[in-house]
Amino acid sequence: MVKANEIVADNINSQFDLKTYLESQKSIVEAALDRSLSIRKPEKIYEAMRYSLLAGGKRLRPILCLATCELLGGSTAMALPTACALEMIHTMSLIHDDLPAMDNDDYRRGQLTNHKVYGEDIAILAGDGLLAYAFEYVATQTQQVPAERLVKVITYLSHAVGAEGLVGGQVLDLESEGKNDISAETLTFIHTHKTGALLEACVLSGAVLAGATQIDLERLAQYAQNIGLAFQIIDDILDITATGEELGKTAGKDLKAQKITYPRLWGLEASRQQAQELIDVAIEQLHPYGAKAEPLRAIANYIITRKN
Ligand code: FPP
Ligand code: MG
C-alpha cells in the first residue's frame, strides 16, 4: 500500500523535463508516421489519409506506448510500429467523428476536417483505410518481438476499437445528445469506452511488447484507466474554458450540441478536483517502478495541466 506522503515525494523530487521529453518523442513519432504511409495509387485516398495522419496533434497515444515499453526494458524500435498504428486508429476515429452524420465539425488540429477537404465519401474511406492499415502495419513492421506478444497487442487494439471500446462509446455518446437525464454512470461508460479504451490499449500494448508480467499489466491498466477518465474530464472543461485557437477545433461544442459533460453534472471546480484525484490514483500505481516511471508520471500530471 502506498502512503500519500510517498506519492507527494514522487512528484516533488522530480527533475524530469517533460517538455523536452515530449518534444523529442513527438519528433520520433512524426518522422515514423511520415515514413509509414507513402503515396501510391489511387493517390487521392493516400493523400486524404496522410492529410489527417500528419496534421500534428499532441501524439500522446504513441508517446504513451513508447514510454510504457521503455519502462519495462523494451526499446523504441520494438514499439514504434504499434505507436504509429495507435495514432492511425486515433486519427481515423477523429475523421469519422467529424463527419456530418456524427459531430459535423469543420476544424480539427487547426485545419479543415478531412471531409471538408476531400468530401464525405473519401473521408469515410480514408478512415477505413487507416484502420485496416494500422493492423497490417503492426503485423508486418514489428521486429524483435515474439509472435505471441504481437497477437496480444493486436487483440488489445481490436478490442479497444470495437463495440466494447470506441464504437460502443460513440454510439452512446450520439444517443445521449440533447437529453437532460443522462446519469454520471452513463457518462462514465461513454468516456471509458470512447476515449479510455484506446488510451489503455496504448499503455498495455507498450507493456506487452516489452514482455510485461501479469502484475505489471494490472498496475498499468489501473494507471491507464485513471488517466483516461481524467483526460476526458479535462477535455470537457477545456471545451468550456479554452478558445478555438488554443484547441485547434471548435470550442463550446458540447454546450451547443447539448451534450452531457462532467462540468454540467458537477460544476467546473468539482470536475477539476475529480480529475486530480484520478491522476493521484494513476501515479500511485507507478510507485513500484521508482524513477524509471518518471515519463509516465509526468504525462499523468501533464494531462491535468494541459491547455489543449
Ligand atoms: C472525439 O470525441 C471522438 C472520439 C474520441 C472517438 C469517436 C469514435 C468513433 C467515431 C468510432 C470510430 C470507428 C472505429 C471503427 C474506431 P468528441 O467528439 O467528444 O471530441 P472532439 O471535440 O475532439 O470532437
Ligand atoms: Mg467530436
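For the structure given in this document, a descriptive report is provided here.

What counts and what doesn't
Residues numbered from 1 in each chain as written. Chains lettered and ligands numbered in written order. Predicted model: local features only at pLDDT ≥ 70, side-chain atom pairs only at ≥ 80, totals over all residues. Heavy atoms only, no water. Helix = DSSP H or I, 4+ residues; strand = E, 2+ residues; numbered from the N terminus. Rg over C-alpha atoms; globule rule 2.2 N^0.38 Å. Buried < 20%, exposed > 50% of the residue type's maximum accessible area, 1.4 Å probe, protein only. Contact = heavy atoms within 4.5 Å. Areas by Shrake-Rupley, 256 points an atom, 1.4 Å probe, with all protein chains shown as cover. Axes fitted to C-alpha atoms, helices over the stretch in contact; angles between N-to-C directions. Parallel < 35°, antiparallel > 145°, perpendicular 65-115°, else oblique. Nonpolar A, V, L, I, M, F, W, Y, C, P; charged D, E, K, R; others polar. Expected span 1.5 Å × (residues − 1). Bend = angle between axes of the 7 residues up to and from the residue. Left-handed = near helix turned anticlockwise from the far one by under 90°. Phe/Tyr/Trp six-rings, centres within 6.5 Å; stacked < 30°, edge-to-face > 60°. Near = heavy atom within 4 Å. Polar contact = N/O pair within 3.5 Å; in protein donor to acceptor, adjacent residues only side chain to side chain. 1 Å grid on protein atoms, 1.4 Å probe; cavity = no way out; pocket = protein on both sides within 12 Å on 5 of 7 lines; lining within 4 Å. Points joined across faces, edges and corners; volume = space filled by probe spheres on them. Donors = N, O, S within 2.8 Å, 3.2 Å for Na, K, Ca; no water. Salt bridge = Lys/Arg side-chain N within 4 Å of Asp/Glu carboxyl O.

## Overview of the overall build of the protein
So, point 1. From N to C terminus, the protein includes 16 helices and two strands.
So, point 2. Expected size for 308 residues packed as a compact globule is a radius of gyration near 19 Å; at 19 Å, the protein falls within 12% of this value.
So, point 3. Principal axes of the C-alpha set define a box for the protein whose edges measure 55 × 50 × 35 Å.
So, point 4. Looking at the protein as a whole, 51% of its 308 residues qualify as buried.
So, point 5. Considering only residue pairs separated by 6 or more positions, the protein has 73% of its internal contacts joining residues 24 or more positions apart.
So, point 6. As presented, the protein carries roughly 13,700 Å² of accessible surface, and 54% of it is formed by carbon and sulfur atoms.

## A short note on the packing of helix 8 (residues 147-161) against helix 10 (residues 184-209)
So, point 1. Running from N to C, helix 8 and helix 10 cross one another at 175 degrees; their axes reach a closest spacing of 9 Å. By the angle between their axes, helix 8 is roughly antiparallel relative to helix 10. Every residue of helix 10 that contacts helix 8 at Arg149, Leu150, Lys152, Val153, Tyr156, Leu157 and Ala160 is listed here: Ala197, Leu198, Ala201, Leu204, Ser205, Val208 and Leu209.
So, point 2. Considered class by class, the residues forming the contact of helix 8 with helix 10 number eleven nonpolar, one polar and two charged.

## So, helix 10
So, point 1. Here helix 10 spans 35 Å end to end across 26 residues, near enough to the 38 Å set by a 1.5 Å rise per residue.
So, point 2. Along helix 10, the sharpest change in direction is near 50 degrees and occurs at glycine 196.
So, point 3. Following helix 10 by one or two positions, glycine 211 has its phi on the positive side, about 90 degrees.

## Looking at the packing of helix 4 (residues 60-71) against helix 5 (residues 76-97)
So, point 1. With their axes 8 Å apart at the nearest point, helix 4 and helix 5 run at an angle of 155 degrees to one another. One finds that helix 4 runs roughly antiparallel with respect to helix 5. Judged by the twist between their axes, the crossing of helix 4 over helix 5 is right-handed. Contacts from Arg61, Pro62, Cys65, Leu66, Cys69 and Glu70 in helix 4 reach Thr76, Met78, Ala79, Leu80, Thr82, Ala83, Leu86, Glu87 and His90 in helix 5.

## Overview of the packing of aromatic side chains
So, point 1. All told, the structure shown has four aromatic pairs when counted by the stated rule.
So, point 2. Aromatic side chains phenylalanine 16 and tyrosine 21 sit 5.3 Å apart centroid to centroid with 55 degrees between the ring planes, which places their arrangement in the tilted category.
So, point 3. The partly exposed category is assigned to phenylalanine 16, whose relative accessible area is 27%.
So, point 4. When its relative accessible area of 13% is taken as the criterion, tyrosine 21 is described as buried.

## With respect to the site of ligand 1
So, point 1. Around ligand 1, the surrounding shell holds 16 residues, and the nearest of these are Asp103, Arg108, Lys194, Lys249 and Lys253.
So, point 2. At 2.9 Å, a side-chain N or O of aspartate 97 approaches an oxygen atom of ligand 1.
So, point 3. Within the side chain of lysine 194, an N or O atom sits 2.6 Å from an oxygen atom of ligand 1.
So, point 4. Protein contacts shield 88% of the accessible area of ligand 1, which totals 640 Å² for the unbound molecule.
So, point 5. Those elements that place two or more of their residues in the shell around ligand 1 are helix 5 and helix 9 (166-176).
So, point 6. Here the shell around ligand 1 takes four residues from helix 5, the largest share from any one element.

## Description of empty space enclosed by the protein
To find the voids left in a structure, one rolls a probe of water-molecule size over its atoms.
So, point 1. The tally for this structure, following the rule as stated, stands at one cavity of 30 Å³ or more.
So, point 2. Lining the largest cavity we find 13 residues, and of these Ser52, Ile95, Asp98, Arg108 and Asn114 sit closest to its centre.
So, point 3. Among the elements of the structure, helix 3 (43-53), helix 5 and strand 2 (111-112) are those that each provide at least two residues to the lining of the largest cavity.
So, point 4. With three residues, the single largest contributor to the lining of the largest cavity is helix 5.
So, point 5. Looking at side-chain class alone, the lining of the largest cavity contains five nonpolar, five polar and three charged residues.

## Some thoughts on the coordination of the magnesium ion (ligand 2)
Ideal values differ by geometry: the angle at a metal is 109.5 degrees with four tetrahedral donors, but 90 or 180 degrees with six octahedral donors.
So, point 1. The coordination sphere of the magnesium ion (ligand 2), as far as protein atoms go, consists of Asp97 (OD) and Asp103 (OD), spread over 2.1 Å.
So, point 2. The exposure class of aspartate 97 is buried, given its relative accessible area of 11%.

## Some points on the pattern of salt bridges
So, point 1. One pass over the structure, following the stated rule, counts 15 salt bridges.
So, point 2. Note that lysine 259 and aspartate 103 form a salt bridge whose closest N and O atoms lie 3.5 Å from each other. Of this pair, lysine 259 sits in the loop between helix 13 (253-256) and helix 14 (262-266) while aspartate 103 sits in the loop between helix 5 and strand 1 (107-108); the two residues are 156 residues apart in sequence, bridging distant segments of the chain.
So, point 3. Lysine 259 gets classed as buried once you look at its relative accessible area, which sits at 10%.
So, point 4. Judged by its relative accessible area of 21%, aspartate 103 is partly exposed.
So, point 5. Look at the salt bridges and you will find they share partners, linking Glu30, Arg59, Glu87 and Arg109 into a network.

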